[in-house]
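Breakdown of the fold
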Amino acid sequence: MPPVSMPLSEEARSIFNRLGYDVSGDGREFVAERKWRTVQVTVLGTDSNVRGRRAITDGGEAREYPFRCFVTWKEGAGDLRGQLTDADPSYEWAVIGVDSDQHDQYDVVLPEAR
């Protein structure tokens, strides 16, 4: 029997829980906290084009965190990285690309060094 797939937002919460973060919030955006670090997590599907979208811009009450993480399926992580690089936001960011076949497998994609 094939494994039952979880929605991407549940996958994201599971990853942060396994990394030792306390997770709070519902939906496609939540906060993950561990020790001194608080991360605003935004879940985006591979069909999400974030260019020009508020999801990556500064401002708004949900954007008060200096650390942001965007979670998408692995096949969309590179494109999302490119869109974030082009947007050049003022916060530190990373992208987690979740493997759609093996949900416990994921890659962390960081900004290119400048």
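Scroll up to find the structure.
Here's a quick rundown of the structure. Note that the coordinates shown come from a computational prediction; the quantities given were computed from them, not determined experimentally. (Residues numbered from 1 in each chain as written. Predicted model: local features only at pLDDT ≥ 70, side-chain atom pairs only at ≥ 80, totals over all residues. Heavy atoms only, no water.)

Re the packing of aromatic side chains
In this structure the tally under the stated criterion is four aromatic pairs. With a centroid separation of 5.3 Å and 80° between ring planes, the pair formed by Phe16 and Tyr21 is classed as edge-to-face. Ring centres 6.2 Å apart and planes at 85° place the aromatic pair Phe16 and Phe30 in the edge-to-face group. You can see Phe16 sitting in helix 1 (residues 8–18) and its partner Phe30 sitting in strand 2 (residues 29–34), a full 14 residues away along the chain. Accessibility assignment for this pair places Phe16 and Phe30 in one class, buried. Grouping aromatic residues by their ring pairs yields a cluster made of Phe16, Tyr21 and Phe30. Positioned above the aromatic ring of Tyr91, the side-chain terminus of Arg68 is 5.0 Å from the ring centre. (Phe/Tyr/Trp six-rings, centres within 6.5 Å; stacked < 30°, edge-to-face > 60°. Helix = DSSP H or I, 4+ residues; strand = E, 2+ residues; numbered from the N terminus. Buried < 20%, exposed > 50% of the residue type's maximum accessible area, 1.4 Å probe, protein only. Lys NZ or Arg CZ within 6 Å of the ring centre and 35° of its normal.)

Brief notes about helix 2 (residues 74–87)
The terminal C-alpha atoms of helix 2, which comprises 14 residues, lie 20 Å apart, in line with the 20 Å expected from a rise of 1.5 Å per residue. Buried within helix 2 are the following residues: Gly76, Ala77, Leu80, Gln83 and Leu84. Within helix 2, the buried residues cover an arc of 135° as seen down the axis, which keeps them to one side. Seen from the open side of helix 2, the exposed residues pointing more than 90 degrees away from its buried face are Glu75, Asp79 and Asp86. Lining the buried residues of helix 2 we find strand 4 (67–73), strand 5 (92–98) and strand 6 (106–109). Directly after helix 2, the chain includes Asp88, whose backbone phi takes a positive value near 50°. (Expected span 1.5 Å × (residues − 1). Arc of directions from axis to C-beta. Contact = heavy atoms within 4.5 Å.)

Overview of the layout of surface pockets
In this structure, the largest pocket occupies an estimated 260 Å³ of space. In this structure, the largest pocket is lined by 15 residues; those nearest its centre are Tyr21, Arg37, Val39, Cys69 and Ala94. Broken down by secondary-structure element, the contributors of at least two residues to the lining of the largest pocket are strand 3 (37–43), strand 4, strand 5 and strand 6. Broken down by element, the lining of the largest pocket gets its largest block of residues, four residues, from strand 5. A class-by-class count of the residues in the lining of the largest pocket yields 12 nonpolar, no polar and three charged. (1 Å grid on protein atoms, 1.4 Å probe; cavity = no way out; pocket = protein on both sides within 12 Å on 5 of 7 lines; lining within 4 Å. Points joined across faces, edges and corners; volume = space filled by probe spheres on them. Nonpolar A, V, L, I, M, F, W, Y, C, P; charged D, E, K, R; others polar.)

A short note on the sheet that holds strand 3
Strand order in the open sheet formed by six strands is 1-2-3-4-5-6, and the pairing between neighbours is mixed. Looking at which strands have only one partner, the edges of the open sheet turn out to be strand 1 (22–24) and strand 6. Across the sheet, the axes of successive neighbouring strands diverge by a mean angle of 25°, strand direction being ignored. Sheet topology note: the strand 4/strand 5 ladder contains seven bridges and is parallel. Directly across from Thr72, in strand 5, lies its bridge partner Gly97. (Pairing = 2+ DSSP bridges. Axes fitted to C-alpha atoms, helices over the stretch in contact; angles between N-to-C directions.)

Here we look at helix 1
Among all positions in helix 1, only Leu8, Ser9, Glu11, Ala12, Arg13, Ile15 and Phe16 are buried. Contacts made by the buried residues of helix 1 are with strand 1, strand 2, strand 3, strand 4, strand 5 and strand 6. After helix 1 finishes, the residue Gly20 shows a positive phi value of roughly 90°.

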